[in-house]
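One-letter residues, chain by chain:
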Amino acid sequence: MRAGMYLLGGLAGLAFGLAVSYCNMLLTKRAVKKKDGSGVNAVMSTNVLRQLINIAALAVVFLLRNVVPLPFYGTIIGAAIGLSAGSVLFIWLLTKQMERDDPASRR
């Protein structure tokens, strides 16, 4: 198989991983913005849910390896990079947004 196919699979996996990471960030954002006293518990349970979603995303890539005409190794590596780097990026962006929106953080 050509290197271009591995690159294409990696890009497809990266896009999928980033999409899942973005959905995870939306879950975290909703849990953080809870106004009642269950905010900490909601964030902790959301983190568990995020990990289960990440495992499910990798399982989807694994289970579709014979259906999708892209090389499995490139796709799974791209998905893993998208999940991990996307999680860091989106949580960093969420933190920056919350700092801008919080009047107590302004000095």
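The structure contained in this document is the topic of the report that follows.

Definitions and cut-offs
- Residues numbered from 1 in each chain as written.
- Predicted model: local features only at pLDDT ≥ 70, side-chain atom pairs only at ≥ 80, totals over all residues.
- Heavy atoms only, no water.
- Salt bridge = Lys/Arg side-chain N within 4 Å of Asp/Glu carboxyl O.
- Helix = DSSP H or I, 4+ residues; strand = E, 2+ residues; numbered from the N terminus.
- Expected span 1.5 Å × (residues − 1).
- Buried < 20%, exposed > 50% of the residue type's maximum accessible area, 1.4 Å probe, protein only.
- Polar contact = N/O pair within 3.5 Å; in protein donor to acceptor, adjacent residues only side chain to side chain.
- Contact = heavy atoms within 4.5 Å.

**Digging into the pattern of salt bridges**
Summed over the entire model, instances satisfying the criterion amount to 1 salt bridge. One salt bridge in this structure joins Glu99 and Lys96, with 4.0 Å as the shortest N-O distance. One end of the pair is Glu99 and the other is Lys96, both in helix α3 (residues 72-101) and 3 residues apart, which spans about a single turn.

**Structural notes on helix α1 (residues 3-32)**
Taking 1.5 Å of rise per residue, the 30 residues of α1 would be expected to cover 44 Å, and the 42 Å separating its terminal C-alpha atoms lies within 8% of that figure. All of the buried residues along α1 are Gly9, Gly10, Gly13, Gly17, Val20, Ser21, Asn24, Met25, Thr28 and Ala31.

**Regarding the side chain of Ser21**
Here Ser21 shows up in helix α1. Residue classification places Ser21 among the buried positions, given a relative accessible area of 1%. Within the structure, Ser21 has its side chain in polar contact with the backbone oxygen of Leu83 (distance 3.1 Å). Excluding its chain neighbours within four sequence positions, the residues that come into contact with Ser21 are Gly82, Leu83, Gly86, Ser87 and Phe90.

**Here's the deal with the side chain of Thr28**
Note that Thr28 resides in helix α1. Discounting chain neighbours no more than four positions away, the residues touching Thr28 are Thr46, Arg50, Ile91 and Leu94.

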